Amino acid sequence: MTPNRDFYTGLIATAFFAFVLFVLIPIYVKVPSFIPGFAPPPDMWPRVITVVGLVMGILAILFAIPKMRATANDRVMSIGATMHRNRKLIVRFSGVLIGFAAFAYAMPEIGFVPATILLLAYLFLMTGNYSRKIWMIGLTIVFPILLYLVFTEVTHTPFPEGHLFSAITADFVTLI
Amino acid sequence: MWNELLYAFEAVATLPNFIAMAAGIWGGVIIGAIPGMTGTMAVTLALPFTFYLPPVTSILLLVALYKGSTYGGSISAILIKTPGTASAACTVLDGYPLAQQGKGGKALNMALVSSCIGDFISNISLFFLAMPLAMFALRVGPPEYFMLMAFSLTIVASISGRSLVLGIISACLGLLLATVGEDIYGSFRFAVTEDMKSGLGVVPVLIGLFALPELIKMIVFRPEDNNAAMKLGDNRLTMAEFRGSLKSILRGSVIGVILGAIPGIGPSTAAFFSYSEARRTSKNGDKFGEGELEGVAASESANNGCCGATMIPLLALGVPGDVITGVMLGAFMIHGLTPGPLLFQNNIGEVYSLFIGILFSSVFLFVAGKLTAGAFAKISRIPQTLLLPCILVLCVFGIYSIGASPFDVSVLLVMGVVGFVMMILNIPAAPFLIAFILGPVFEDNMRRSLAISRGDLGVFFHSWISWAFFALTVLFIALTIRREWQKWREKSRNTAQSA
C-alpha cells in the first residue's frame, strides 16, 4: 500500500485533535466552580469540536486506504525517501520558518523598520529569482520606509524603535 | 422609506465615500488582474485600513474591492490565459482566443460592459430582496438563531472542494481556534499566554490564512514567471456586437443573481452555468471556445451578477454565501454592525447608505474599466517575486497598526504557515474561515438558549422558524451525503473497470 497525502492528513488531524482533547483541554480550559443558570460548562463546546475532528481524522485515514490499495506496489516510497526526495523544498520551508521567527524576535530589539527591511531583503533572496536586482534593492529600502511614513502620518501608529536603538540613543544623549 | 433613501443618498454622496469606492474598484481590478491574487486576498488586505474609516465607507471600500477583483480576473484571463480569479476561469475559453486574433481590447470591453450590467442587476435585486427577507427573520430569538447558524455551517459542505471530510476537519480547526480567549461567562480557554486571553483577532487570522500561503508557496516551489501578455489590438465594441450578446448578458445576470443568493454556490459555478446555457441556445454555439464575444459576455455577466446577490443572505440573515462575504461579515462585526435581521431594525440608515453606495460602485467600475484598461493590462505582468514579499510587509504594517500589538503580527505569521501546511495537506481554507467567524455566534446562542431553558434541548424546537431551519439543515446534509455517496460509487466503478 502506498500511503498517500490524505492518509497523512488524516493521521496528522487525528493526532492533533487527540492531543487537544486529552492534553490541552484538561490543562487550559478551566471549568469554574459556579456556572450561572443551567449554561453548559466552557469545556463542552471545545470537546464537541475535537471529538468531531477526531472522528473526521479517523474517517480520512479509512477513506484513504482503498486509494492506497489501488496504487501499484512498485511505487511504494517510505516517508524517509519522500522527505529525501523533497529535501530542497523542506530546507526552503525551514528557511521561511526561521525568517519569520527571527523577524518576530528581532522586531522589538532592533526596531520595526529595520526588522521589516531585513525581512523584505531575506524574502527577496529566498525567492531565488535575482533577474531584477535593482528593483529588489530599491524596494527593500524604500518600501518599508514609505509604509512607515504613511502609517505614522495617517494612523499615528507608534511603531517600536527597538531596545537596542533606544539604548544607543540614550547613551548618545548622555554623552552629549 | 423615500425620505430615508434620500437621506442615505446625501450621506453616501460625499468625497470620502467616492474616494473609497474609486480606490476599491481600482485596487480590486489591479489585484484581480494579477494571477494568483484573489478577491478574498484583496478584501482581507484592505481590512486593517478600514479601522480608520466610518462603517459605511469601510463596507463600500470592501464591496468595491470585491467587484473590482471579480472584473479584474478577466483581464489576465483574456490577455495571458491565466484567470486572475477562479470565477474568471470560464472567460479564458473565448477571451484568450479573441486576444490571439488581435481582438483583446474588444474582449476586455465586452467583459467590462457585461460585468457592469450583471453587477447593476445584482445590486437592484439586493435592494428589493434583502429587506423582506430580513423583516421575516426579525422574529428570531437565540434558539432560532442557533438553528440558523447550524444551517449556515452546512455551507462548509459546498466549499470543501474535493473532500467533505477534509472540509469538516478544516471547519473544526476554525471552530477550535475561535474558542481561544474569554467565553461569554468569563472563563478563559486555551489562554496559554497573557495575549491570548483576549482571543485571536479576526484580521490577522484571515490575512495570514489567505494572503501569506501564496508567498510561502512561491518561495518553497519557485514556479517560473511566465506572464507574456497579448496586445490589446482591436479595441472597439460595436453596437451590433453588443446587441448580439444582450440576451446572454441578461440571462447571465439573472443566473448570477439566483445562484449568488444561494449560500455556497458562488460566481464560478454561475459563470460556467451561464456559459453552457449561452452555448446551448446561441446561434453561434459551435463557435464557442474559438473566440466568441458572446461567451465572454455570458461568463462575465454571471460572475459579476453574483456580487450583489451574495450580500442578500449576508445582510438579511447574517449568513455568508461565500468566502468573501465571510470576510465582510468579519468587517461588519469589527465596526459594531451585526448583519442579520436586527441590522435592518437598528442600523437602517447604514443599510440604505450601503444600497445606494453599491449602486454607485457599478458606475465606478464602468468608468475605471473604460479609462484604464490599457494600464491594467500591464499590471498583470508584474512579477510575483517582487510583488508577494512586498505584500507581506504591507500586511505586517497593516496588522501592527490596528492594535500596536506584536502578538497580532506573530498570529499573522503563524497563520500564514498554518495556511501553507493546510494547502500542502489538501485541507481547504474556506471552511476554516467560515467556521472561525460563525463559531462564536453559534456557541453563544447555543449556550444562551440552554441557559434560558434550564438545559432543556426542546428549546431549539419550540417555534416553526426553528423547525424550518432544522429541516433545511437536515435536507442540506442529506443532499451532501447523497452527492458524496454517488461520487464514491462512481470512483469505485471506475477503479473496478480499470482493474
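The shown structure was predicted, so the numbers you read here are calculated from the model rather than taken from an experiment.

Visitor: Which residues make up the interface of chain A and chain B, and what are the values?
Guide: At the interface, 68 residues of chain A touch 64 residues of chain B. Of the roughly 5700 Å² buried between chain A and chain B on both sides combined, carbon and sulfur atoms contribute 82%. The tally of links from chain A across to chain B stands at zero salt bridges. Between the two partners, chain A and chain B, sit seven residue pairs in polar contact (both at pLDDT 80 or more). Those elements that provide at least two residues to the side of chain A that touches chain B are helix 1 (5-28), helix 2 (44-70), helix 4 (87-110), helix 5 (112-127) and helix 6 (133-154) of chain A. Here the element with the most residues in the side of chain A that touches chain B is helix 2 of chain A; it accounts for 14 residues. For the side of chain A that touches chain B, a count of residues per class yields 52 nonpolar, 10 polar and six charged.

Visitor: With reference to specific residues and values, describe the packing of aromatic side chains.
Guide: In this structure the tally under the stated criterion is 26 aromatic pairs over all chains. Their ring planes at 35 degrees and their centres at 4.7 Å tell us that F112 of chain A and F159 of chain A sit as a pair that is tilted. Here F112 of chain A is found in helix 5, whereas its partner F159 of chain A is found in the loop between helix 6 and helix 7 (163-175), with 47 residues between them in sequence. When its relative accessible area of 8% is taken as the criterion, F159 of chain A is described as buried. Consider the rings of F146 of chain B and F460 of chain B, whose centres lie 4.4 Å apart with planes at 35 degrees: the pair is tilted. Taken together, the positions of F146 of chain B in helix 7 (residues 142-153) and F460 of chain B in the loop between helix 21 (430-452) and helix 22 (464-498) put the pair 314 residues apart, joining distant regions of the chain. According to the relative accessible area criterion, F460 of chain B is buried, its value standing at 5%. Aromatic ring contacts, followed pair by pair, group F112, Y148, F151 and F159 of chain A together with F49, F397 and Y400 of chain B into a single cluster. Its end group placed over the ring of F188 of chain B, K197 of chain B keeps NZ or CZ at 5.1 Å from the ring centre.

Visitor: Please set out the side chain of S114 of chain B residue by residue, giving values where relevant.
Guide: Residue and element names in this part refer to chain B. With respect to the helices and strands, the residue S114 is situated in helix 6 (residues 104-137). A distance of 3.4 Å separates a polar atom in the side chain of S114 from the backbone oxygen of A111. Excluding its chain neighbours within four sequence positions, the residues that come into contact with S114 are I249, V296, A297, E300 and S301.

Visitor: Describe a nonpolar patch on the surface, naming the residues involved and giving the relevant values.
Guide: Residues and elements named next belong to chain A. Residues I137, I141, V142, I145, L146, Y148, L149, V150 and V154 make up a contiguous nonpolar surface patch of about 790 Å² in total accessible area. Following the sequence through the fold, L146 ends up in helix 6. Accessibility expressed as a relative area gives 47% for L146, which makes it partly exposed.

Visitor: Before we move on, can you summarise the nonpolar core with the specific residues and values?
Guide: The biggest cluster of nonpolar side chains holds 154 residues, and the ones touching the most others in it are F100 of chain A together with I169, L315, M328, F344, F355 and L392 of chain B. Residue contributions to this core reach at least three from each of two domains, namely domain 1 (5-76) and domain 2 (87-175) of chain A. When near neighbours in sequence (up to four residues on either side) are disregarded, F344 of chain B contacts A130, M131, A134, M135, L315, A316, V351 and F355 of chain B. The next biggest cluster of nonpolar side chains, apart from the first, holds 24 residues, and it includes A33, A107, A111 and I249 of chain B.

Rules behind the numbers
Residues numbered from 1 in each chain as written. Chains lettered and ligands numbered in written order. Predicted model: local features only at pLDDT ≥ 70, side-chain atom pairs only at ≥ 80, totals over all residues. Heavy atoms only, no water. Contact = heavy atoms within 4.5 Å. Buried area = accessible area lost by both parts, 1.4 Å probe. Salt bridge = Lys/Arg side-chain N within 4 Å of Asp/Glu carboxyl O. Polar contact = N/O pair within 3.5 Å; in protein donor to acceptor, adjacent residues only side chain to side chain. Helix = DSSP H or I, 4+ residues; strand = E, 2+ residues; numbered from the N terminus. Nonpolar A, V, L, I, M, F, W, Y, C, P; charged D, E, K, R; others polar. Phe/Tyr/Trp six-rings, centres within 6.5 Å; stacked < 30°, edge-to-face > 60°. Buried < 20%, exposed > 50% of the residue type's maximum accessible area, 1.4 Å probe, protein only. Lys NZ or Arg CZ within 6 Å of the ring centre and 35° of its normal. Patch = residues over 30% accessible without salt bridge, like charges linked within 9 Å, V, L, I, M, F, W, Y side chains within 5 Å. Areas by Shrake-Rupley, 256 points an atom, 1.4 Å probe, with all protein chains shown as cover. Core = buried A, V, L, I, M, F, W, Y, C linked by side-chain atoms within 4.5 Å. Domains from an automatic or database assignment.

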